[in-house]
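# Breakdown of the fold
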There are 2 protein chains.
Amino acid sequence: MLTKLPVHIVGQAERLARMSRVAAIVRMSSSAPSTGFFFRQLFDTVSSTYTYLLGDMKTRDAVLIDPVLEHAERDATLVKDLGFKLVYAMNTHMHADHVTGTGKLKSILPGTKSVIGKSSGAQADVYVDDGEVVRFGGYELLAKSTPGHTNGCLTYICHDQSMAFTGDALLIRGCGRTDFQEGSSEKLYESVHTKIFTLPDHYTLYPAHDYKGQTATTVWEEKKYNPRLTKSLKEFIHIMDTLNLPYPKMIDKALPANRVCGLF
Amino acid sequence: MLTKLPVHIVGQAERLARMSRVAAIVRMSSSAPSTGFFFRQLFDTVSSTYTYLLGDMKTRDAVLIDPVLEHAERDATLVKDLGFKLVYAMNTHMHADHVTGTGKLKSILPGTKSVIGKSSGAQADVYVDDGEVVRFGGYELLAKSTPGHTNGCLTYICHDQSMAFTGDALLIRGCGRTDFQEGSSEKLYESVHTKIFTLPDHYTLYPAHDYKGQTATTVWEEKKYNPRLTKSLKEFIHIMDTLNLPYPKMIDKALPANRVCGLF
């Protein structure tokens, strides 16, 4: 004779069994999406740096822009989880506030090449200059030279997706400082106005940093609301000259490391 | 007779004048984009909460999902900068880790209505239940009841944009805790498997929080890589029962405030 269980326990056992069946069916039906453009923004709360993973879902080629050393494992796991082959680990410029993850990513994901601007003063496998293109699968990033924060600053533009990665040249309602490395307020003003503000209004702009919980902006917004770059060049230079920012706390560690892909 | 200036000074003056002309022309050519869907993710570094601004660029109607009290001014400024009318300030559930910004937003942006799930136990102008729709302009969010973290948890789905806002039901490679408020691991497992994992694989999922610098995920990724919810219900309940999490440090302040739109 079968032991008769209380009704509420039978109910729970049935629910458990049913849910396990549902879960198994749901998992089995899963397959990796295989077309289109992939985009994922990542964040480092210590240096407030944004890292970007871009990929071609068809060819599975991907690039990482501005990876941070301490998150190389996180980023590499995501690349592998998604079935991507990391073609390039790129920097918009030689950062002074964090150590780049490009070198470590190369060792975790063999075959990855590091990329940086020709005028950056840093070592890399591939150097890019104004007007040159970085390809991954069927997509490409057009490098535009946007000096001012540093001489080697590049903005990477993906026209196909109406987006651009501005590094420290243009931040959300702000811009990178111009008082160290090869900083020049005049150069930065010219870079932003001739290379970024001339992009179509609807293009989304992704900066290397944000300190106020903002994740993106558009060309239109910055042309209208950027509190520094909507000013005249003379006013802009005055603003930048009187910021009185503290000495960058990571610069003495970050620059020597970033000259060699973060592997100092 | 004109004073003859040194060549390099003439050059600089000319560049200044030219750049000011370029800047003026660039600003004048700017007009607000007027079609399509607008999306912006915002972050609170203190509670690691994500807030989402969604808008209809044509009608200029917008909603904010899970705004944080301390960022109400930031969020309201963005809404105004973009020329939006904030129709709803919504919560996915009654949060225990931060105070909601819905009440403050209502006072900064008159006309805004607060929205929360019927089963949340919190006051709001509009209550939504499973299967009901929140409309802003030509777009809509379908509310699906996903209890387990709390009884009133809703996942808001925007089928038109292939995206869903999962609150604390499903986090990136994780999930909300189930050991306080009306927490139930069994309910949470059923909610995620029947209401979220049944969405198309390519849907982007935006959670209420992330603690590792991740900003979004997809249905496919979580069905394949979520370390808790890919397990059987029995294993999931065991994992949740043995997390040994500390008492939520904000709960005694947040819950009384969040029962009344953060205006305690």
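Summary of the structure given here. Per chain, residue numbering runs from 1 following the sequence as it is written. Just so you know, chain letters begin at A and ligand numbers begin at 1, following the order they were written in. Whole-chain, interface and lining totals are the exception, using all residues; otherwise, since this is a predicted model, local features are given only for residues with pLDDT of at least 70 and side-chain atom pairs are given and counted only at 80 or more. To get the side-chain values, take all heavy atoms of the structure and skip hydrogens and water.

Quick look at the sheet that holds strand 4 (residues 85-90) of chain B now. Residues and elements named next belong to chain B. Taken in spatial order, the six strands make up an open sheet running 1-2-3-4-5-6, and their pairing is mixed. Every other strand in the sheet has two partners, leaving strand 1 (37-44) and strand 6 (126-128) as the edge strands with one partner each. Mean inter-strand twist for the sheet, computed between neighbouring axes without regard to direction, equals 20°. In this scheme, strands are said to pair when DSSP sees at least two bridges between them. Put simply, DSSP H or I for four residues or longer makes a helix, DSSP E for two residues or longer makes a strand, and each gets a number counted from the N terminus. For strand 3 (residues 61-65) and strand 4, the ladder comprises five bridges, and the chain directions are parallel. Within strand 4, the residue paired with Ala62 across the bridge is Leu86. An axis is simply a line fitted to the C-alpha atoms; with a helix, the fit covers only the stretch in contact. Between two such axes, the angle follows the N-to-C directions and lies from 0 to 180 degrees.

Our next topic: the pattern of salt bridges. Whenever Lys or Arg places a side-chain nitrogen within 4 Å of a carboxyl oxygen from Asp or Glu, that contact is recorded as a salt bridge. For the coordinates displayed, the defined rule picks out 22 salt bridges over all chains. In this structure, Arg173 of chain A and Asp81 of chain B form a salt bridge, with 3.6 Å as the shortest nitrogen-oxygen distance. Highlighted residues: Arg173 of chain A in the loop between strand 10 (163-167) and helix 4 (185-196) and Asp81 of chain B in helix 2 (residues 72-81), drawn from two different chains. Exposure classes here rest on a 1.4 Å probe applied to the protein chains alone. A residue is buried below 20% of its type maximum, exposed above 50%, and partly exposed in between. Taking the relative accessible area as the measure of exposure, Arg173 of chain A reaches 17% and is therefore buried. A salt bridge links Glu222 of chain B to Arg173 of chain B; its shortest N-O distance comes to 2.7 Å. Of this pair, Glu222 of chain B sits in helix 5 (residues 219-225) while Arg173 of chain B is found in the loop between strand 10 (163-167) and helix 4 (185-196), placing the two residues 49 residues apart along the sequence. Its relative accessible area of 0% is what places Glu222 of chain B among the buried residues. Taken together, the shared-partner salt bridges in this structure form one network comprising Arg40 and Asp81 of chain A together with Arg173, Glu221 and Glu222 of chain B.

Right, let's talk about empty space enclosed by the protein for a bit. Residues and elements named next belong to chain A. Grid points spaced at 1 Å and placed over the protein atoms alone form the basis of the search, with a cavity being a set where a 1.4 Å probe fits but cannot get out and a pocket an open set showing protein on both sides within 12 Å along at least five of seven lines. Lining residues have an atom within 4 Å of a point. Grid points are joined across faces, edges and corners, and a volume is the space filled by probe spheres set on the points. Summed over the entire model, instances satisfying the criterion amount to four cavities of 30 Å³ or more. Looking at the largest cavity, its volume works out to about 50 Å³. Asn91, Thr100, Thr102, Ser114, Val115, Ile116, Ala122, Gln123, Ala124, Asn258 and Cys261 are the residues that line the largest cavity. In terms of residue count, strand 5 (residues 113-117) provides more of the lining of the largest cavity than any other element does, three residues in total. Residues are grouped as follows: Ala, Val, Leu, Ile, Met, Phe, Trp, Tyr, Cys and Pro are nonpolar; Asp, Glu, Lys and Arg are charged; every other residue, Gly included, is polar. Considered class by class, the residues forming the lining of the largest cavity number five nonpolar, six polar and no charged.

Size it by volume and the largest pocket reaches roughly 1300 Å³. Considering the residues around the largest pocket, the lining is formed by 45 residues, among which Phe39 and Tyr206 of chain A together with Phe39, Met163 and Tyr206 of chain B are closest to the centre. The set of elements that each furnish at least two residues to the lining of the largest pocket consists of strand 1 (37-44), strand 11 (204-207), strand 12 (217-218) and helix 5 (219-225) of chain A together with strand 1, strand 11 (204-207) and helix 5 of chain B.

Glancing now at the environment of Asp179 of chain A. All names here are of chain A. Within the secondary structure layout, Asp179 lies in the loop between strand 10 and helix 4. Residue class for Asp179 comes out partly exposed when judged on its relative accessible area of 45%. Sequence separation of Asp179 and Asp56 is 123 residues, and the distance between their C-alpha atoms is 38 Å. Any pair of nitrogen or oxygen atoms within 3.5 Å is treated as a polar contact; in protein, a donor-acceptor pairing is required on top of that, and neighbouring residues in sequence qualify only through side-chain atoms on both sides. Of note is the side chain of Asp179, whose polar atom sits 2.8 Å from the side chain of Arg177.

Take the pairing of strand 2 (residues 49-56) of chain B next. All names here are of chain B. In terms of burial, strand 2 is a largely internal element, eight of the eight residues being buried. Burial of the side chains of strand 2 extends over both faces: Thr49, Thr51, Leu53 and Gly55 are buried on one face and Tyr50, Tyr52, Leu54 and Asp56 on the other. Across eight bridges, the pairing between strand 1 and strand 2 is antiparallel. Note on strand 2: the bridge partner recorded for Phe38 is Gly55. Hairpin connection from strand 1 to strand 2: four residues lie between these consecutive antiparallel strands, with Ser48 at a positive phi of about 55°. Note: strand 2 against strand 3, four bridges, orientation antiparallel. Looking at the pairing, Leu53 lines up with Leu64 of strand 3. Following strand 2, the chain reverses through four residues before pairing antiparallel with strand 3; Arg60 in that reversal takes a positive phi of roughly 70°.

Here the focus is the side chain of Arg228 of chain B. Residue and element names in this part refer to chain B. As for its placement among the helices and strands, Arg228 is situated in the loop between helix 5 and helix 6 (233-241). In this structure Arg228 is buried but unpaired, with Asp179 as the nearest side chain of opposite charge at 9.1 Å. Only heavy atoms matter for contacts: two residues are in contact if any of them lie within 4.5 Å across the pair. Not counting residues up to four positions away in its chain, the partners in contact with Arg228 are Cys175, Phe236, Ile239, Met240 and Leu243. Charged residues are defined narrowly, with Lys and Arg counted positive, Asp and Glu counted negative, and His plus the chain ends left uncounted.

All names here are of chain A. Their axes nearest at 9 Å, the elements helix 4 and helix 6 (residues 233-241) cross at an angle of 130°. Comparing their axes, helix 6 and helix 4 come out oblique. When the axes of helix 4 and helix 6 are compared, the crossing they make is right-handed. Contacts between helix 4 and helix 6 involve Ser185, Glu186, Leu188 and Tyr189 from the former and Leu233, Phe236, Ile237 and Met240 from the latter. Geometric relationships in this document are graded by angle, where less than 35 degrees denotes roughly parallel, more than 145 denotes roughly antiparallel, 65 to 115 denotes roughly perpendicular, and other angles denote oblique. If you view the pair so one helix is near and one far, a crossing is left-handed when the near helix is turned anticlockwise from the far one by less than a right angle, and right-handed when it is turned clockwise.

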